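# Residue-level structure breakdown
Chain by chain, the residues:
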Amino acid sequence: MRPERICIEGFGTFREPVEVDFEGAGLFALSGPTGSGKSTVIDAIVFALYGVVPRLDDKKLVGPVISQDRLEAKVRLDFSVGPQHYSATRVVRAKVPRSGSGETVGMRGGTTREARLELRGAGGDPEVLAGTADELTAEVERLLGLSVDHFTTCVVLPQGQFSRFLHNKSADRQKLLKELLDMGVYAEMAAVARSRDKASQAQLAWITSQLEDLDFATAEAAGELAARVAGRESVIKLIDELQPRIESITESIRDLKLQGQDAADCATRLRQAKLPSGVTELAADASASEAAVDDADGALARASAEVDSSTARRDALGDRTALELVRQDHLRRASLKERIEKGRALVAAAAIALEGSEASAEASSVAVELAKAALERARTANRAAELAKHLAVGEPCPVCGNEVHELVDHTAPELTEAEQSVESAREVATAADEVRVSCAANHTRAAGLLAERERELAEIDERLADSPGLESTTETLSAMDTADEAVKSSRSAEKAARVALEAARMAQQQVAGRLEAAWEAFDSTRDHLALLEPPPVDRSDLATAWHPLIQWAQAQAGRYQQVAGSLAQQIAERESERAEVVAQISRACTEAGIDTGHRPARDAAGDALADAKADLKSVEAGLSRRDELEAEAGHLRQTQQVSAMLGRLLGATGFEKWVLDEALVRLVAGATQVLRELSDGAYSLVLDAKSDFFVIDHNNADASRSVRTLSGGETFLASLALALALGDQVAEMAAAGAARLESIFLDEGFGTLDPETLDTVATAIEELGAGGRMVGLVSHVRDLAERMPVRFVVTKGPATSTVERIDL
């Protein structure tokens, strides 16, 4: 992995946007005062790739990277892996603190708002390889072959972690080497070999079970089945030869049976021909029914003539409706005259009653006025009593205005009597007036009813002016009643005559139907025997037609019965012949092991032959399959043995251990060479039996020391030697697709070196950069930084940090 360009905004000390272009910078230094943001550039590279900041204790925190008082941090890293070019972008947004909490932006952490990895081509839109934070991290790990921990162990060596690989446990170093050398491919190969071993064993077990299932497939079984097929083919040949004879006999038997059945049917039909009962009486019944119809027809003609005569007499008397209206007017006139006389008397009486009621009402009205005058006189005479009636305790007196304290009894009997007289007079007057009103209404109603009846009488007199009298009208109506009754009686007689005629005709039809049915029965019987050529028919008389037919049928029935007996004898002889041929076929089937059951022998033999051929084919296929399986088993045994051996050799204790041990040996050898150059031959690196690092102190009688006893400067030199050697050895020993250590970034330790050692380290780094690897230093040591061909000077201003590139 080689960085090409990084853009930083709102990240750490870089509050404002800044771009660092690494193009052409194979060897460079990030220099500047302490706290200016040099290490922040390395943090931004790691953050863009893996979403973490190595210097933070909690790798899950992303909020602290956001610049103070900024809501968002954005990092974009353009880098290459081999010939491919990529862009990794991450944007982190701060959580806004609660109002009044006293917290500042970023204290409550942050969330990744955007994460994206793109493959940049020569032209056109970039291809998005990852669209979330997790997807971006996973894809980077796949591309680089390194996790974030391993990346910060051998590619980016941040502050505080520079010596981690030197001090790691043996297991942790082996894990890193496995990833760097892509040792997983050998584990995958071992897993594939073991899987193929198991699959081969399972396939061999399956083939063994298949071979056990093929125990039936033997050469002896095939020979027996071939003989069975030949025997059954012979039986089928015999059946095919005898089958035409059987069919001929069967056809002959069928013809004889048909002839015998025909003869028996003819005899049966002839015996069924019998004279029906009642044939002789049927002619007499036909003559009687014809005479009855003639009598009923004459009676109906006489009844119809009487209806015509009575109807003519009635029509001569005229319309009955007009006479009925005249009679009703005469009767109504007599009733109205009687009611008018009574009405006049009632009107006169009502007038007299009205006059009396009017006089009484007038008298009662005068009596009321007199009683009122007497009451006024009594009130005048007894004013005090009248006033006392309206007084109340506590109320003011209407005369003096003083409050009434006590009510005094001022009762006046004559005043009370006068008041009662007025009330009584009023009641009498009211009753008299009600009588007057009732009498007036009665008089008006009686007078109106009388006038209405007189008007109706005048109208009736006008209608009867030219009409006959009541007696003449009544006599004419009586004559009409007599004529109507005569018409009704004659019509009833006519109806009865029609019913009688219909009954006679129905009886005649019934007799005709019986006669027709008798002839149909005769024709049916003769038609049933038509093919037997019955004698001619005389249709003048039913009985004459039946007798010759019955005599002929009896004679023919005996002859056909004899023919049927002769045919039955011939059928028995042919069936015996067929049974002998069938028995010959049955014996052949039994000898060939064919069970016919209730099936035709040819079908049973055909199925038995098909079964034998199928069994033979199955055995032959089994023999062929056995050969195939045995050949396959031999190949699988060879594959299984090779796979088992390869799985053992590629196991963790086999080839993988050898490669790791060899890698560590080479790594130590390479690191020792670099360390001796850096230390002027003072130190070498070695491995103990547990694969832990030790230093050989050549200036101290080659004493062996643990790397944990080294000073800060010595630790830096040993760690740098390992880091430089690691890239060289991995590139040499790694499998295809292993981690690509094309860059290294150092962020620690240069300030602990003396000038002579610093010069040696700088020379080693310069040689490393000349070898094609990108090397970046983070240091505030001015002399070291100025020796680098490219410097990125980081300066911290009042608001933000800036980066200036200086090329020598």
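Read on for an overview of the structure. (Residues numbered from 1 in each chain as written. Predicted model: local features only at pLDDT ≥ 70, side-chain atom pairs only at ≥ 80, totals over all residues. Heavy atoms only, no water.)

A few words now on the overall build of the protein chain. Counting its secondary structure elements, the protein chain contains 18 helices and 15 strands. A burial count over the protein chain gives 38% of its 808 residues as buried. Sequence-distant contacts in the protein chain: of pairs separated by 6 or more residues, those separated by 24 or more amount to 70%. Put simply, the protein chain shows about 44800 Å² of open surface, and 52% of that area lies on carbon and sulfur atoms. (Helix = DSSP H or I, 4+ residues; strand = E, 2+ residues; numbered from the N terminus. Buried < 20%, exposed > 50% of the residue type's maximum accessible area, 1.4 Å probe, protein only. Contact = heavy atoms within 4.5 Å. Areas by Shrake-Rupley, 256 points an atom, 1.4 Å probe, with all protein chains shown as cover.)

Quick look at the side chain of Thr-800 now. Along the polypeptide, Thr-800 turns up in the loop between strand 14 (790–796) and strand 15 (801–807). On the basis of relative accessibility, which here comes to 15%, the residue Thr-800 falls in the buried class. Of note is the side chain of Thr-800, whose polar atom sits 3.5 Å from the backbone oxygen of Thr-13. Engagement of the side chain of Thr-800 in a polar contact is seen with the backbone nitrogen of Arg-15, the distance being 2.9 Å. (Polar contact = N/O pair within 3.5 Å; in protein donor to acceptor, adjacent residues only side chain to side chain.)

A separate point is the pairing of strand 1 (residues 2–9). Two elements, strand 1 and strand 4 (residues 72–81), share 7 bridges in a ladder whose sense is antiparallel. Bridge pairing in strand 4 places Arg-5 opposite Asp-78. By the bridge criterion, 4 bridges tie strand 1 to strand 2 (residues 18–21) in an arrangement that is antiparallel. Bridging across to strand 2, Cys-7 finds its partner in Glu-19. (Pairing = 2+ DSSP bridges.)

Structurally, Ser-684 is set in strand 9 (residues 683–687). Residue Ser-684 is classed as buried on the basis of its relative accessible area, which comes to 7%. A polar contact of 2.9 Å, which involves the side chain of Ser-684, links it to the side chain of Arg-676. A distance of 2.6 Å separates a polar atom in the side chain of Ser-684 from a polar atom in the side chain of His-698. Setting aside residues up to four positions removed in sequence, Ser-684 forms contacts with Thr-672, Leu-675, Arg-676, Phe-694, Val-695, Ile-696 and His-698.

If you trace the 3 strands from one edge of the open sheet to the other, you get 9-10-11, paired in antiparallel fashion. Here the strands that pair on one side only, and so sit at the sheet edges, are strand 9 and strand 11 (703–706). For this sheet the average axis-to-axis angle between neighbouring strands, irrespective of direction, equals 35°. By the bridge criterion, 4 bridges tie strand 10 (residues 693–697) to strand 11 in an arrangement that is antiparallel. When the sheet's bridge partners are listed, Asp-697 is paired in strand 11 with Ala-703. (Axes fitted to C-alpha atoms, helices over the stretch in contact; angles between N-to-C directions.)

With that out of the way, let us pick up the nonpolar core. Within the largest apolar cluster, 54 residues are counted, with the highest numbers of intra-cluster contacts made by Leu-49, Tyr-50 and Phe-151. Tallying contributions element by element places helix 1 (residues 38–50) first for this core, with 9 residues. Once residues within four sequence positions are removed from consideration, Phe-151 is found in contact with Met-1, Val-46, Leu-49, Tyr-50, Leu-144, Leu-146 and Val-156. Membership of the second largest hydrophobic core comes to 39 residues, among which are Phe-716, Ala-723, Leu-724 and Val-775. (Core = buried A, V, L, I, M, F, W, Y, C linked by side-chain atoms within 4.5 Å.)

This model, assessed by the stated rule, comprises 40 salt bridges. For Arg-626, the salt bridge goes to Asp-215, with nearest N and O atoms at 4.0 Å. Note that Arg-626 is positioned in helix 14 (residues 601–649) and Asp-215 in the loop between helix 6 (184–213) and helix 7 (219–272), a separation of 411 residues in sequence. Judged by relative accessible area, Asp-215 falls into the exposed class, the value being 52%. As a salt-bridge pair, Glu-306 and Arg-313 come within 3.8 Å of each other at their nearest N and O atoms. The exposure class of Glu-306 is partly exposed, given its relative accessible area of 40%. (Salt bridge = Lys/Arg side-chain N within 4 Å of Asp/Glu carboxyl O.)

Burial runs high along strand 4: 7 of the 10 residues are buried. For strand 4 and strand 5 (residues 84–94), the ladder comprises 10 bridges, and the chain directions are antiparallel. Each residue of the ladder has a partner; that of Asp-78, found in strand 5, is Ser-87. Between strand 4 and strand 5, which pair antiparallel in sequence order, lie 2 residues; one of them, Gly-82, sits at a positive phi of approximately 65°.

Now for a negative patch on the surface. Where like charges cluster on the molecular surface, the negative patch consists of Glu-290, Asp-294, Asp-295 and Asp-297. We classify Asp-294 as exposed; its relative accessible area is 52%. (Patch = residues over 30% accessible without salt bridge, like charges linked within 9 Å, V, L, I, M, F, W, Y side chains within 5 Å. Lys, Arg positive; Asp, Glu negative; His and termini not counted. Charge placed at Lys NZ, Arg CZ, Asp CG, Glu CD.)

Packing of helix 9 (residues 320–381) against helix 12 (residues 470–528) brings their axes to within 10 Å, and their N-to-C directions diverge by 140°. Between helix 9 and helix 12, the angle falls in the class oblique. By crossing handedness, the relation of helix 9 to helix 12 is classed as left-handed. Of the residues in helix 12, those touching helix 9 at Arg-320, Leu-323, Glu-324, Val-326, Arg-327, His-330 and Leu-331 are Leu-470, Thr-473, Thr-474, Thr-476, Leu-477, Met-480, Asp-481 and Asp-484. For the contact of helix 9 with helix 12, the class distribution of residues is 6 nonpolar, 4 polar and 5 charged. (Parallel < 35°, antiparallel > 145°, perpendicular 65-115°, else oblique. Left-handed = near helix turned anticlockwise from the far one by under 90°. Nonpolar A, V, L, I, M, F, W, Y, C, P; charged D, E, K, R; others polar.)

Looking now at the packing of helix 9 against helix 11 (residues 413–463). Two elements in contact, helix 9 and helix 11, have axes whose closest approach is 6 Å; the angle formed by their N-to-C orientations is 160°. For the element pair helix 9 / helix 11, the angle class is roughly antiparallel. With respect to the hand of their crossing, helix 9 and helix 11 are arranged in left-handed fashion. Residues of the contact of helix 9 with helix 11, tallied by class, amount to 29 nonpolar, 8 polar and 19 charged.

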